[in-house]
Amino acid sequence: MKILYLIDTLYNAGGMERILILKANRLVSDYGHEIVFVTNHQKGRPTFFPLDSRVKLLDINCFLRLPVQVPLYLRKLDAVVKAEKPDIIIDLHLLTMGKLKERYPGIVVMSEFHFCHEMFRIRKKTGRMHRMEKAVSRLDCFVVLTREDKKAWEPFCPNTVQIYNPSTFIQEDGLCAAWEAKRCISGGRFESQKNYSRMIALWGQLYSRHPEWVLDLYGNGKEKKKTEKQIARLGLQESVRIHPASIQIREEMLGSSIYLMTSLYEGFPLVLAECASLGLPCVAFRCPCGPGEFIRDGVDGFTADPDDSQEWIAKVEKLMDHPELRKKMGERSREKAKDFTEELIMPRWDALFRELVKKKHA
């Protein structure tokens, strides 16, 4: 079976890029599918994460940000579809998502969403939200990451399916986070979604009582300079350190004892499953969607009301003050991580693809 993924680029170090490449690699190596990534402006840049040599990467060199650019993109896509003859197209472009099912009637047209319905309201993009609601109604299948988000999309697309992201880390006996370390860690793009400005402000309050602790942030993004200036303005240069996105983030997490998250919204944060596999307890705001569905508050980590900064601070401080609690929560999270292995989740994707193709040609 041949599957085309339509995506802007694959050179970024984001969670979506990481999970797409992980899935593609497994689909070709374990299930014998042919995978083709069709990018818009990769422009010869390598993928940030290793891509199996059997996965095909095509760039059609067509910027796709405005509706006026759609006709040219579709003409170029027509040529790719004619040459590749896919069984399935997975469209990750909002501008074209509702246009392909009628254009390619013999092909399964679907999408997967790595964010959440509520993000449009948070970003005050309700017009875009309504366009996407209309677009998903024209798909053969729409895959989302959490049960919470499935409920939000089902009124618009009854064929909405929920599949969690698999952890990209292999769980190994005896390999755990450094529960005694006085080091917190966080990672992701330096953009408004991750809300690092709030994390830094809250860390300033924690630092006054826990000056021996450090916070290491890993990532790239347009707000990185702004974050560095905030750290300097608050006098936190000795306590908060910023590093580039790293493919070795697993090793950095193993050298930490708490993971912090202050996101405004998520899809299903891949990092939570990765932290769990390493026994690294997390403290996160219960933003839509993911943290509240993954972290069992008070059992294997902590969640806090997004409107209650002091609750978040108190829960971080509780972990800082009690290394035995960090260890206990970390051990419990390692048990939960077994629900997010590739071995459990990838067969669901293979079965879904086969079911959709069978239905299409029934």
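Cut-offs used in this document
Residues numbered from 1 in each chain as written. Predicted model: local features only at pLDDT ≥ 70, side-chain atom pairs only at ≥ 80, totals over all residues. Heavy atoms only, no water. Pairing = 2+ DSSP bridges. Helix = DSSP H or I, 4+ residues; strand = E, 2+ residues; numbered from the N terminus. Axes fitted to C-alpha atoms, helices over the stretch in contact; angles between N-to-C directions. Contact = heavy atoms within 4.5 Å. Phe/Tyr/Trp six-rings, centres within 6.5 Å; stacked < 30°, edge-to-face > 60°. Buried < 20%, exposed > 50% of the residue type's maximum accessible area, 1.4 Å probe, protein only. Lys NZ or Arg CZ within 6 Å of the ring centre and 35° of its normal. Patch = residues over 30% accessible without salt bridge, like charges linked within 9 Å, V, L, I, M, F, W, Y side chains within 5 Å. Areas by Shrake-Rupley, 256 points an atom, 1.4 Å probe, with all protein chains shown as cover. Salt bridge = Lys/Arg side-chain N within 4 Å of Asp/Glu carboxyl O. Lys, Arg positive; Asp, Glu negative; His and termini not counted. Charge placed at Lys NZ, Arg CZ, Asp CG, Glu CD. 1 Å grid on protein atoms, 1.4 Å probe; cavity = no way out; pocket = protein on both sides within 12 Å on 5 of 7 lines; lining within 4 Å. Points joined across faces, edges and corners; volume = space filled by probe spheres on them. Nonpolar A, V, L, I, M, F, W, Y, C, P; charged D, E, K, R; others polar. Core = buried A, V, L, I, M, F, W, Y, C linked by side-chain atoms within 4.5 Å.

A. Here's a closer look at the sheet that holds strand 4 (residues 88-91). Taken in spatial order, the seven strands line up as 3-2-1-4-5-6-7 in an open sheet, and their pairing is parallel. Lying at the two open borders of the sheet, with one neighbouring strand each, are strand 3 (56-59) and strand 7 (160-162). On average, adjacent strands in this sheet sit at an angle of 25° to one another, irrespective of strand direction. Bridging between strand 2 (residues 34-39) and strand 3 involves four bridges; their strand directions are parallel. Residue pairing for strand 3: Thr39 is matched across the bridge by Asp59. Sheet strands in contact with helix 2 (residues 70-84) are strand 1 (2-7), strand 2, strand 3 and strand 4, and its direction is about 160° off that of strand 1.

B. Region of the structure containing the packing of aromatic side chains. Overall, the coordinates contain 17 aromatic pairs when judged by the stated rule. On the numbers, 6.1 Å between centres and 65° between planes, the contact of Phe113 with Phe115 is edge-to-face. Plain terms: the ring middles of Phe190 and Tyr196 are 4.9 Å apart, the flat faces sit at 40° to each other, and that makes the pair tilted. The exposure class assigned to Phe190 is buried, which follows from its relative accessible area of 0%. With a relative accessible area of 4%, Tyr196 lands in the buried category. Here a set of aromatic residues connected by ring pairs shows up, and it is made of Phe113, Phe115, Phe120, Phe142, Trp153, Phe156 and Tyr265. The ring centre of Phe285 lies 4.1 Å from the NZ or CZ of Arg198, which sits over that ring. Across the ring face of Phe169, the terminal group of Arg250 is positioned such that the distance to the ring centre comes to 5.9 Å.

C. Local environment of a positive patch on the surface. On the surface, a cluster of positive charge is contributed by Arg123, Lys125, Arg128, Arg131 and Lys222. By the element assignment, Arg128 lies in helix 5 (residues 126-136). Owing to a relative accessible area of 33%, Arg128 belongs among the partly exposed residues under this scheme.

D. Just the layout of surface pockets, in detail. Approximately 520 Å³ is the volume attributed to the second largest pocket. Among the elements of the structure, helix 1 (15-29), helix 9 (249-254) and helix 14 (342-360) are those that each provide at least two residues to the lining of the second largest pocket. Looking at which element gives the most residues to the lining of the second largest pocket, the answer is helix 1, with five residues. Within the lining of the second largest pocket, the residues separate by chemical class into 10 nonpolar, seven polar and five charged.

E. Main features of the nonpolar core. Among the nonpolar cores identified, the biggest contains 57 residues, and Tyr5, Ile35, Phe37, Met110, Met253, Trp349 and Phe353 are the most heavily contacted of them. For Ile35, the residues in contact, after removing those within four places along its chain, are Ile3, Tyr5, Ala24, Leu27, Val28, Arg54, Val55 and Lys56. Judged by nonpolar contacts, the second largest core, of 34 residues, contains Val36, Leu77, Met132 and Cys157.

F. A look at the side chain of Lys336. By secondary structure assignment, the location of Lys336 is in helix 13 (residues 323-336). For Lys336, the residues in contact, after removing those within four places along its chain, are Phe294, Arg296 and Asp300.

G. Molecular detail of the sheet that holds strand 13 (residues 302-304). Strand order in the open sheet made by the six strands is 10-9-8-11-12-13, with parallel pairing throughout. Every interior strand has two partners, whereas the edge strands, strand 10 (240-243) and strand 13, have only one. Strand after strand, the sheet turns through a mean of 20° between neighbouring axes, direction not considered. With five bridges connecting them, strand 8 (residues 183-187) and strand 9 (residues 214-218) associate as parallel partners.

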